[in-house]
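Observations on the three-dimensional arrangement
Single-letter residue listing:
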Amino acid sequence: MSPSNPSVAKPAKPAKPAKPVAPNPRAKYIKAIHTKVTQLGLDDTAYRALLQARTGKTSCKDLSITELGNISHYLSQQGAVKPGSPPRPPAANVASGHAALRARVDHLLLQIAPRDPIKYVNAICQRNRWCDHIAFADAHILYKLVGTLSRTLHGRPGGAASASKASLTRK
């Protein structure tokens, strides 16, 4: 029997198993975000307001991978858990740390004394693209806000000297 004989069939090769398709990371984040939103009991209006405040966009499809990760992390900080994991209560120190930072922001605002403190703080948050409203600020944003307000109140080192020099040169 020669290999050129067509009547002899070659044994068929077993089919290779299909390679698993790697899930799209964007789709994975979007699914996780929607699951966490459901866990937290947010309705569509609150969910879109949250996205608008944190990213300036109203749909997960418009967000970058980094923004999706930030939103997912924020929702986890609010008490949502990874799908399939047992529920866990939010850490007590997160709430107390948030309250302490918010009290520090309020104290600095009393010292600065703007006309409308909430509007003033919201403008700082929006200008720095942290969030649209202080109600949506997490501990990290409040920490940044405390630093900004402290620098506003106390001025940067040499800030007063440079301002007086500028007033002398404008004459």
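Residues numbered from 1 in each chain as written. Predicted model: local features only at pLDDT ≥ 70, side-chain atom pairs only at ≥ 80, totals over all residues. Heavy atoms only, no water.

**Comments concerning the confidence of the model for the protein**
Let me state the cut-off plainly: Per-residue confidence from the predictor is reported as pLDDT, a score between 0 and 100. We count a stretch as a helix when DSSP gives it H or I for four or more residues in a row; a strand needs E for two or more, and each element gets its number in order from the N terminus. When checking whether two residues touch, look at their non-hydrogen atoms; a contact exists if any pair is within 4.5 Å.
Per-residue confidence for the protein gives a mean pLDDT of 77, with 70% of residues at or over 70. By mean pLDDT, the top-scoring element of the protein is helix α5 (residues 117-127) (90), and the lowest-scoring one is helix α7 (residues 159-169) (46). Across residues 158-171, confidence stays below pLDDT 50; counting only partners more than four residues off in sequence or on other chains, it has zero contacts.

**A word on helix α3 (residues 65-77)**
The periodicity of an α-helix, 3.6 residues per turn, causes residues three or four places apart in sequence to face the same way. Under the convention used in this document: By definition here, a helix of n residues has an expected span of 1.5 Å times n minus one. Buried residues are those whose accessible area, probed at 1.4 Å on protein chains only, stays under 20% of the maximum for their type, while exposed residues exceed 50% and partly exposed ones sit between those limits.
Helix length check: α3, at 13 residues, gives a terminal C-alpha distance of 18 Å against a target of 18 Å (1.5 Å per residue), a fit within 8%. Along α3, the residues classified as buried are Glu67, Leu68, Gly69, Ile71, Ser72, Tyr74, Leu75 and Ser76. The inward-facing, buried residues of α3 contact α1 (25-40) and α2 (44-55). Glycine 79 lies just past α3 and shows a positive phi near 120°.

**As for the packing of aromatic side chains**
The criterion, for reference: We call Phe, Tyr and Trp rings a pair once their centres come within 6.5 Å, taking the six-membered ring for Trp, and we label the pair stacked below 30 degrees between planes, edge-to-face above 60, and tilted otherwise. Counting as a charge over the ring demands two things of the Lys NZ or Arg CZ atom: a distance within 6 Å of the ring centre and an angle within 35 degrees of the ring normal.
Tallying each qualifying case throughout the model produces zero aromatic pairs. Positioned over the ring face of tyrosine 74 is arginine 54, at 4.1 Å from the centre of the ring.

**Brief notes about helix α6 (residues 139-154)**
For α6, built from 16 residues, the straight-helix expectation of 22 Å at 1.5 Å per residue is met to within 8% by its first-to-last C-alpha distance of 22 Å. All of the buried residues along α6 are Ile141, Leu142, Leu145, Val146, Gly147, Thr148, Leu149 and Ser150. Positive phi appears at glycine 155, one or two residues downstream of α6, with a value of about 75°.

**Section: unusual backbone geometry**
Notably, alanine 113 is not glycine yet its phi reads approximately 55°, a positive angle. Its location among the elements puts alanine 113 in the loop between α4 (92-112) and α5. On the basis of relative accessible area, alanine 113 is assigned to the exposed category, the value being 55%. You will see that arginine 129, though not glycine, has its phi angle at about 60°, which is positive. By the secondary structure assignment, arginine 129 is in the loop between α5 and α6.

**Comments concerning the nonpolar core**
Threshold: Nonpolar core, defined: a set of buried Ala, Val, Leu, Ile, Met, Phe, Trp, Tyr and Cys residues in which side-chain atoms within 4.5 Å join the residues together.
In terms of nonpolar packing, the biggest core is built from 16 residues, with Val105, Cys125, Ile134, Leu142, Leu145 and Leu149 touching the most fellow members. Mapped by element, the contributors of at least two residues to this core are α4, α5 and α6. For cysteine 125, the residues in contact, after removing those within four places along its chain, are Trp130, Cys131, Ile141 and Leu145. Residues Ile33, Leu51, Cys60 and Ile71 belong to the second largest nonpolar core, which totals twelve residues.

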